[in-house]
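Overview (structure and organization)
Below are the chains, spelled out letter by letter.
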Amino acid sequence: MGTFQLDYQLDPNEPTGGRYQACYQQAWDLDPYEDQEAELLDMHFVYGETVMKVIGELMTVLGRPIRADEWELGYDERDDES
């Protein structure tokens, strides 16, 4: 399992001026010896005002707790207005 990247993204429509977000992707791994791309089965975006809210939303999607070494925090400098 990979790491969940939690990003803080500026959002002028949010009262706080931004929000945290993360994406969970589930893929079907094809034969690594064949020249094929993995097939994306499912993708969920979750959002929240705090890191803990986003982790809680991810736990709901995954159906299990998220370990401390399974996530990292980043900052997305894109502004939705531009």
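Please refer to the structure placed before this passage.
The numbering scheme is per chain: residues are counted from 1 as the chain's sequence reads. Two thresholds apply to this predicted model, a pLDDT of at least 70 for residue-level local features and 80 or more for giving and counting side-chain atom pairs, whereas whole-chain, interface and lining totals are computed over all residues. Side-chain calculation: all heavy atoms of the structure are included, whereas hydrogens and water are not.

This part takes up the environment of Arg64. Counting through the fold element by element, Arg64 comes out in the loop between α1 (51-62) and β4 (71-79). Here Glu70 takes part through its side chain, which lies 3.0 Å from a polar atom of the side chain of Arg64. Secondary structure elements follow DSSP: runs of H or I of four or more residues count as helices, runs of E of two or more count as strands, with numbering from the N terminus. What qualifies as a polar contact is a pair of N or O atoms within 3.5 Å, subject to a donor-acceptor requirement within protein and to the restriction that residues adjacent in sequence count only when both atoms come from side chains.

Okay, α1 next. In a regular helix each residue adds 1.5 Å, so 12 residues correspond to 16 Å; α1 covers 16 Å between its end C-alpha atoms and thus fits that length. Phi turns positive one or two residues past the end of α1, at Gly63, with a value near 80°. Under the convention used throughout, the expected extent of a helix is 1.5 Å for every residue step, that is, one less than its residue count.

Moving on, we come to a nonpolar patch on the surface. Where nonpolar side chains cluster on the molecular surface, the patch consists of Leu40, Met43, Phe45 and Tyr47 and spans about 380 Å² of accessible area. One can find Leu40 in strand β3 (residues 39-48). Put simply, a patch holds well-exposed residues, over 30% relative accessible area, that have no salt bridge, with like charges counted together within 9 Å and Val, Leu, Ile, Met, Phe, Trp or Tyr side chains within 5 Å. Note on areas: Shrake-Rupley with a 1.4 Å probe; residue coverage comes only from the protein chains shown. Whenever Lys or Arg places a side-chain nitrogen within 4 Å of a carboxyl oxygen from Asp or Glu, that contact is recorded as a salt bridge.

What follows is about the packing of aromatic side chains. Only Phe, Tyr and Trp rings are paired, with Trp represented by its six-membered ring, and only when their centres lie within 6.5 Å; those with planes under 30 degrees apart are stacked, over 60 edge-to-face, the remainder tilted. Going through the model one piece at a time under the given rule, you end up with two aromatic pairs. For the ring pair Phe4 and Tyr24, a centre distance of 6.2 Å and an interplane angle of 45° mean the geometry is tilted. Of the two residues, Phe4 is situated in strand β1 (residues 4-10) and Tyr24 in strand β2 (residues 18-28); the sequence distance between them amounts to 20 residues. Of the two residues, Phe4 and Tyr24, neither departs from the other in class, the shared state being buried. Put simply, a charge is over a ring when the Lys NZ or the Arg CZ is close to the ring centre, within 6 Å, and near the line of the ring normal, within 35 degrees. Across the ring face of Tyr47, the terminal group of Arg19 is positioned such that the distance to the ring centre comes to 4.1 Å. Residue exposure (1.4 Å probe, protein chains only): buried if accessible area is under 20% of the type maximum, exposed if over 50%, otherwise partly exposed.

Mapped onto the fold, Ala22 is located in strand β2. The class of Ala22 is buried, set by a relative accessible area of 3%. When the C-alpha positions of Ala22 and Asp7 are compared, they lie 6.4 Å apart, and in sequence the two are 15 residues distant. Pairs of residues are marked as contacts when any of their non-hydrogen atoms sit within 4.5 Å. Those residues in contact with Ala22, other than ones at most four positions away along the chain, are Gln5, Leu6, His44, Phe45, Val46, Val54 and Leu58.

Moving on, we come to the nonpolar core. Among the buried residues, those of types Ala, Val, Leu, Ile, Met, Phe, Trp, Tyr and Cys that are joined through side-chain atoms within 4.5 Å form a nonpolar core. Counting 13 residues, the largest nonpolar core has Phe4, Leu6, Ala22, Val54, Leu58 and Ile66 as the members making the most contacts within it. Elements that contribute at least two residues to this core include exactly β1, β2 and α1. Looking at which element gives the most residues to this core, the answer is α1, with five residues. Setting aside its immediate chain neighbours within four residues, Phe4 contacts Cys23, Tyr24, Leu58, Leu62, Ile66, Glu70, Trp71 and Glu72.

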